[in-house]
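Remarks on the overall topology
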Amino acid sequence: MRSRLVTARHVLSRTVAALAAALAVSLLLPAAPASAHGQLATSTPLTGTVVRDALTQVGLYFTEKPASNAHFTVTAPNGSRVDNGWSYGEPKRLDKPVQEYFMVNGVFEPRLYHTGFPAMVSVAHWPAKGKYTATYLSAASDGEAVRGSVTFDYQGPSTAAPAGWTVPTDGPAPTLLALIDGTPSPGSGQAGTSPSATGVIGAPTDQPAGATPKQQDGGFPAWLLPALLVVVVAAVVLVASRRRPATPARRTTTSARRPATPARKTATSAGKPGNRAGGPARRGGRR
């Protein structure tokens, strides 16, 4: 039984070591670059920052000019939209260039972008302090979807909505959805889809502004997470098996040793043969 347990531990240890080595190699290998471009490069305000002034616009800067039918929203802390349309703005030079990749003759080639092309989203009013989210949905020149969100904390004064303004309820244009989904555009809208609370169909990718865009066609292999889970489980099992106390050997009952029989004492006479104990010794011979 003990030999089988030792063999199982040995096999488990080798399996864990092999999976750990494969995981390390996968982490050291460079991730495959993404071919999509036109991603968000930066924003005003930056995601995660605190805003104390009642801005009239939120600026979203992309590495390409956004599509003319792109869709943008700004959502207040209570979930209602406060955006009031958008327009193109003046391009500006990026503080940090963004690198994107293009497939050229079957090989990915990097390209740096130094200019940001903005979409200026108007904000109708600021109803309360709290977390605001600006979402975007567009299509790059290669037809790939460009979607995500920018979230910031507004701590400025509350402002009233302008006269005649109504909360927007429009969603992305059917032509935009058809372009990024690769399906024909129906005349009255895309069947089987409905705008979400923010007006963008599908969950947006929460991509921080000011950083290089997230990869869409690259990244770590799909087996990486399951392999990591297997390594963790195997390591836990191995540690638990090592800490398990060994099964005590059965004690064999031994018969109690009998005490040794004491040697019998041989009685010896106190005096010489022929003499009486305690009496005076007789003198030999007669007078």
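Our structure's up above, just so we're on the same page.
Analysis parameters
- Residues numbered from 1 in each chain as written.
- Predicted model: local features only at pLDDT ≥ 70, side-chain atom pairs only at ≥ 80, totals over all residues.
- Heavy atoms only, no water.
- Buried < 20%, exposed > 50% of the residue type's maximum accessible area, 1.4 Å probe, protein only.
- Helix = DSSP H or I, 4+ residues; strand = E, 2+ residues; numbered from the N terminus.
- Pairing = 2+ DSSP bridges.
- Contact = heavy atoms within 4.5 Å.
- Axes fitted to C-alpha atoms, helices over the stretch in contact; angles between N-to-C directions.
- Polar contact = N/O pair within 3.5 Å; in protein donor to acceptor, adjacent residues only side chain to side chain.
- Phe/Tyr/Trp six-rings, centres within 6.5 Å; stacked < 30°, edge-to-face > 60°.
- Lys NZ or Arg CZ within 6 Å of the ring centre and 35° of its normal.

**Considering the pairing of strand β3 (residues 57–62)**
- Burial analysis of β3 places five of its six residues in the buried class, the great majority of the element.
- In terms of strand pairing, β3 meets strand β7 (residues 107–123) through six bridges, oriented antiparallel. By the bridge assignment, Leu 60 is partnered in β7 with Ala 119.

**Let's talk about the sheet that holds strand β2 (residues 50–51)**
- Read across the sheet, four strands follow the order β2-β9-β8-β4 without closing on themselves; strand pairing throughout is mixed. The open sheet terminates on both sides in strands that have one partner only, identified here as β2 and β4 (71–75).
- Strand contacts of helix α2 (residues 174–181): β4, β8 (130–139) and β9 (145–154), with the helix running at about 70° to β8, the strand carrying the most contacts.

**Re the side chain of His 71**
- By secondary structure assignment, the location of His 71 is in strand β4.
- Polar side-chain contacts of His 71 include one of 3.2 Å to the backbone oxygen of Asp 170.

**Some thoughts on the packing of aromatic side chains**
- Overall, the coordinates contain nine aromatic pairs when judged by the stated rule.
- Aromatic pair Trp 126 and Phe 152: ring centres 6.2 Å apart, planes at 65°, arrangement edge-to-face. Of this pair, Trp 126 sits in the loop between β7 and β8 while Phe 152 sits in strand β9; the two residues are 26 residues apart in sequence, bridging distant segments of the chain.
- By relative accessible area, Trp 126 is classed as buried at 1%.
- Arranged with centres 6.2 Å apart and planes meeting at 10°, the rings of Tyr 132 and Phe 152 form a pair that is stacked. With Tyr 132 in strand β8 and Phe 152 in strand β9, this residue pair connects regions lying 20 residues apart in the sequence.
- Classification of Phe 152 by relative accessible area gives buried; the value is 2%.
- Linked through ring pairs, Phe 62, Phe 72, Trp 86, Tyr 88 and Tyr 136 together constitute an aromatic cluster.
- Here the basic side chain of Lys 65 rests over the ring of Tyr 88, its NZ or CZ set 4.5 Å away from the ring centre.
- The residue whose ring lies beneath Lys 92 is Tyr 61, and the NZ or CZ to ring-centre distance is 4.5 Å.

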